[in-house]
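Chain by chain, the residues run as shown.
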Amino acid sequence: MSSSLKIKELSKKEILLAQGHRMCQGCGASIVVKMVMLAIDKPIVACSPTGCLEVTTCISDYTSWKIPWIHSAFENAAATMAGVETMYRSLKKQGKISEDMSFVVFAGDGGTYDIGFQSLSGALERGHDMLYICYDNGAYMNTGIQRSGATPFGASTTTSPAGSAVPGKIHQRKDITRIMAAHNIPYVAQASPSHHLDLMRKIQKALSIEGPKYINILSPCHRGWRSKPDDAIALSRLAVNTSFWPLFEIENGKTRVTYIPKDKRPLREFLRPQGRFAHLFQPENEWIIEKSQAKIDADWSALLAEGACEAIEE
Amino acid sequence: MKTKIIDRSNCRPVITQAGNSVALKTGSWRSLEPVLLKENCTNCLLCWLYCPDMSVIVRDGKVEGFDMDYCKGCGICALECPGKKGQKAIRMRKEEKE
Ligand code: SF4
Ligand code: SF4
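About the cut-offs
Within each chain, residue numbers correspond to sequence positions counted from 1 in written order. Whichever chain is written first becomes A and whichever ligand is written first becomes 1, with later ones labelled in order. For a predicted model such as this one, the threshold for reporting local features is a pLDDT of at least 70, and the threshold for listing and counting side-chain atom pairs is 80 or more; totals across whole chains, interfaces and linings nevertheless cover every residue. Just so you know, side-chain values use all the structure's heavy atoms and leave hydrogens and water out. Only DSSP runs of H or I reaching four residues or more are called helices, and only runs of E reaching two or more are called strands; each is numbered from the N terminus. Two things to know: the radius of gyration comes from C-alpha atoms, and the globule rule equals 2.2 Å times the number of residues to the power 0.38. A 1.4 Å probe rolled over the protein chains alone gives each residue an accessible area, and that area as a share of the maximum for its type sets the label: buried under 20%, exposed over 50%, partly exposed in between. The contact criterion used is simple: two residues touch if any of their non-hydrogen atoms lie within 4.5 Å. We get accessible surface area from the Shrake-Rupley algorithm with a probe of 1.4 Å; when it comes to residues, only the shown protein chains can shield them. When charges are counted, neither His nor the chain ends are considered; positive counts come from Lys and Arg and negative counts from Asp and Glu. A charged residue contributes its charge at one atom only: NZ of Lys, CZ of Arg, CG of Asp or CD of Glu. The term buried area denotes the loss of accessible surface (1.4 Å probe radius) that occurs when two parts are joined, taken as the sum for both partners. By definition, a salt bridge exists where a carboxyl oxygen of Asp or Glu is found within 4 Å of a side-chain nitrogen of Lys or Arg. Whenever a nitrogen or oxygen atom comes within 3.5 Å of another N or O atom, the pair is scored as a polar contact, on the condition that within protein one atom can donate a hydrogen and the other can accept it, and that pairs from neighbouring residues in sequence are kept only if both atoms are in side chains. All residues other than Ala, Val, Leu, Ile, Met, Phe, Trp, Tyr, Cys, Pro, Asp, Glu, Lys and Arg, Gly among them, are scored as polar; the first ten of these are nonpolar and the last four charged. What pLDDT reports is the predictor's confidence in each residue, on a scale of 0 through 100. Aromatic rings from Phe, Tyr and Trp, taking only the six-membered ring of Trp, are treated as a pair when their centres fall within 6.5 Å; an angle between ring planes under 30 degrees marks them as stacked, one over 60 as edge-to-face, and anything in between as tilted. By definition, being over a ring means that NZ of Lys or CZ of Arg is both within 6 Å of the ring centre and within 35 degrees of the ring normal. Definition of nonpolar core: a set of buried residues of the types Ala, Val, Leu, Ile, Met, Phe, Trp, Tyr and Cys, connected through side-chain atoms within 4.5 Å. We call two strands paired when DSSP finds no fewer than two bridges between them. Here the axes come from fitting lines to C-alpha atoms, over the contacting stretch only for helices, and the angles between their N-to-C directions go from 0 to 180 degrees. Geometric relationships in this document are graded by angle, where less than 35 degrees denotes roughly parallel, more than 145 denotes roughly antiparallel, 65 to 115 denotes roughly perpendicular, and other angles denote oblique. Left-handed is the label given to a crossing in which the near helix is rotated counterclockwise from the far helix by less than a right angle, and right-handed is the label when the rotation is clockwise.

**Some points on the overall build of chain A**
A tally of helices and strands in chain A yields 12 helices and 10 strands. Relative to the 2.2 N^0.38 estimate, which gives 20 Å for 314 residues, the radius of gyration of chain A is 19 Å and therefore close to what a compact globule would have. Principal-axis analysis of the C-alpha atoms places the extent of chain A at approximately 70 × 45 × 40 Å. When burial is assessed residue by residue, chain A has 57% of its 314 residues classed as buried. Long-range pairs, those at least 24 residues apart, make up 70% of the contacts in chain A between residues at least 6 apart in sequence. Per element, the accessible surface of chain A, about 12500 Å² overall, is 55% carbon and sulfur. Measuring between centres, the 36 positive side-chain charges of chain A sit 2 Å from its 32 negative side-chain charges.

As structure tokens, then:
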């Protein structure tokens, strides 16, 4: 019995992220957080590890959060939220609190794929009732675009700079959504802000399930992706339509592809507008695009074989 | 060597005023500004949903304009606006500042 996701209805709700945050103009993270909170009906308690979202929403004496929100260290957002959730269960048992609440982590890819990985893995294993959202922009953007475990193969970052020594990042991304699914938690999904209805449905579905839930959400960053300030939604749409970022969910071990592009586009269309991939279009680096395309095609076929699609929309 | 004593009496680990970042007006970051052409607007509200800075003003399901105190001029609203019959209801223009 979740509330309506019609935009007209949503526009009557209070957005729980305040104006005046310091995220760069056109930042995808802000759009992701806004959509996630709009989809949630219960009071939210949230936590973020160090990262772009954290530094820009909590500067000195100012906060952009209209909910109880904790800044944890880089490595322990999941443990922090697990502690809050455990305290909540105890208080409930003691009859000191009765209201239902949603416990949510908003973490970047650095705080998820790399630095916060152990605490996340532990919290999932212990079965805490919480939703972990990774807004994935594919690098350590806030400290100056260093490569992370989420950075795509071939992307140029300040610690994998494209040049004569290396053609951008020489390693593949971790498939974090699959790694989370391998914890056998009840719900894992991947979403994109360009497909907002799919994204918000996944949030509502996740929160209707008890136990740990993980959702990986693409979060364009034009500063790090070297693209344009107005293209966050356009690029996330291209990411989905090229199957660079497939939309799917795994509920109790059952995979479901939630969106199949009507016309699957070549990966180049997603890479082309981004300066971090500009060097790939030089003849000596073309093999990187070909290799990436082959991997995406194989992953996409495997995903389709695993989870038949029921709904094509938007 | 002289020891420097840091006064921590003003350091507050807890901010008790929810959403007080509204005091920080980010509109000054802008170099382009969105302009609304109401005749092309279907009130689909996609601009409202996609704006990263909560700067599209909607009243009773209708777009009224932009909150220039916070709009950073990213142009997402203009790029994503489907408008009416291919005519966008938002366009960006260079802002004249005194
Ligand atoms: S996106 Fe365009 S058509 Fe839709 S509500 Fe906004 S201004 Fe109007
Ligand atoms: S230009 Fe950007 S910040 Fe300003 S109203 Fe449009 S989407 Fe919001």
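So that's the structure; there's more coming.
**Brief notes about the overall build of chain B**
Each helix and strand in chain B was counted, giving two helices and four strands. Burial statistics for chain B: of 98 residues in total, 47% are counted as buried. Considering only residue pairs separated by 6 or more positions, chain B has 65% of its internal contacts joining residues 24 or more positions apart.

**Here we look at the interface of chain B and chain A**
With 35 residues of chain B at the contact, the number on the chain A side is 39 residues. Surface buried jointly by chain B and chain A totals about 3200 Å² across both partners, of which 62% is contributed by carbon and sulfur atoms. When residues of chain B are sorted by the area they lose upon contact with chain A, Trp48(B), Leu49(B) and Met54(B) head the list and together hold 22% of the total. Here chain B and chain A share one salt bridge between them. Of the charged contacts in the structure, one is a salt bridge between Glu80(B) and Arg237(A), with a shortest N-O distance of 2.7 Å. Between the two partners, chain B and chain A, sit 23 residue pairs in polar contact (both at pLDDT 80 or more). Those elements that place two or more of their residues in the side of chain B that touches chain A are α1 (46–50) and α2 (76–80) of chain B. The dominant element in the side of chain B that touches chain A, judged by the number of residues it contributes, is α1(B), at four residues. For the side of chain B that touches chain A, a count of residues per class yields 20 nonpolar, 10 polar and five charged.

**Re the confidence of the model for chain B**
The predicted coordinates of low-pLDDT regions are not to be read in fine detail. Overall, the prediction assigns chain B a mean pLDDT of 91, with 87% of residues at 70 or greater. Here the predicted complex scores 0.94 on pTM and 0.94 on ipTM.

**Let's talk about the packing of aromatic side chains**
Counted by the stated rule, this structure contains eight aromatic pairs over all chains. Note on Trp65(A) and Phe106(A): the rings are 5.7 Å apart at their centroids and 35° apart in plane angle, and the pair reads as tilted. Residue Trp65(A) is located in the loop between β3 (62–63) and β4 (69–71), and its partner Phe106(A) is located in strand β5 (residues 102–108); the two are separated by 41 residues in the primary sequence. On the basis of relative accessible area, Trp65(A) is assigned to the buried category, the value being 1%. A relative accessible area of 2% places Phe106(A) in the buried class. A ring pair is formed by Trp225(A) and Phe270(A), whose centres lie 6.1 Å apart and whose planes are at 85°; its orientation type is edge-to-face. You can see Trp225(A) sitting in helix α9 (residues 222–225) and its partner Phe270(A) sitting in helix α11 (residues 268–271), a full 45 residues away along the chain. The buried category is assigned to Phe270(A), whose relative accessible area is 0%. Among the aromatic residues, ring-to-ring pairing joins Trp65(A), Trp69(A) and Phe106(A) into one connected group. Lys34(A) extends its terminal NZ or CZ atom over the ring of Trp48(B), reaching a point 5.5 Å from the ring centre.

**Regarding the nonpolar core**
In terms of nonpolar packing, the biggest core is built from 87 residues, with Phe106(A), Ile203(A), Ile215(A) and Trp48(B) touching the most fellow members. With nine residues, helix α2 (residues 28–39) of chain A is the largest single contributor of residues to this core. In this view, Ile203(A) contacts Val36(A), Ala39(A), Ile40(A), Leu131(A), Ile133(A) and Ile215(A); residues no more than four positions away in its chain are not counted. Of all hydrophobic cores here, the second largest spans 30 residues; its members include Ala77(A), Met180(A), Tyr214(A) and Leu303(A).

**Things to note about the environment of Phe248(A)**
All names here are of chain A. Topologically, Phe248 is positioned in strand β9 (residues 248–251). For the pair Phe248 and Lys174, spaced 74 residues apart in sequence, the C-alpha to C-alpha distance is 17 Å. The residues touching Phe248, leaving out its near neighbours within four places in the chain, are Thr177, Ala189, Gln190, Lys202, Thr255, Arg256, Val257, Thr258 and Leu303.

**Looking at the sheet that holds strand β1 (residues 44–48) of chain A**
Residues and elements named next belong to chain A. Ordered by their spatial adjacency, eight strands build an open sheet running β4-β1-β5-β6-β8-β7-β9-β10, and the pairing between neighbours is mixed. Since the sheet does not close on itself, it has two edges, and those belong to β4 and β10 (254–257), each with one partner. Direction aside, the axes of adjacent strands within the sheet are offset by 15° on average. Sheet contacts for helix α4 (residues 77–93): β1, β4, β5 and β6 (131–136); angle to β5, the most-contacted strand, approximately 175°. Relative to the sheet, helix α12 (residues 286–306) contacts β9 and β10, its axis offset from that of β10 by approximately 115°.

**Comments concerning the packing of α2(A) against helix α8 (residues 196–207) of chain A**
Residues and elements named next belong to chain A. One can describe the packing of α2 onto α8 by two numbers: an axis separation of 8 Å at closest approach and a directional angle of 50°. As the angle between them shows, α2 and α8 are arranged oblique. For α2 against α8, the interelement crossing comes out right-handed. Counting all contacts with α2, which are made through Met35, Val36, Leu38 and Ala39, the residues of α8 involved are His196, Leu199, Met200, Ile203 and Gln204.

**Quick look at the side chain of Thr177(A)**
Residues and elements named next belong to chain A. As for its placement among the helices and strands, Thr177 is situated in helix α7 (residues 176–181). A polar side-chain atom of Thr177 sits 2.7 Å from a polar atom in the side chain of Gln190. Those residues in contact with Thr177, other than ones at most four positions away along the chain, are Val188, Ala189, Gln190, Tyr214, Asn216 and Phe248.

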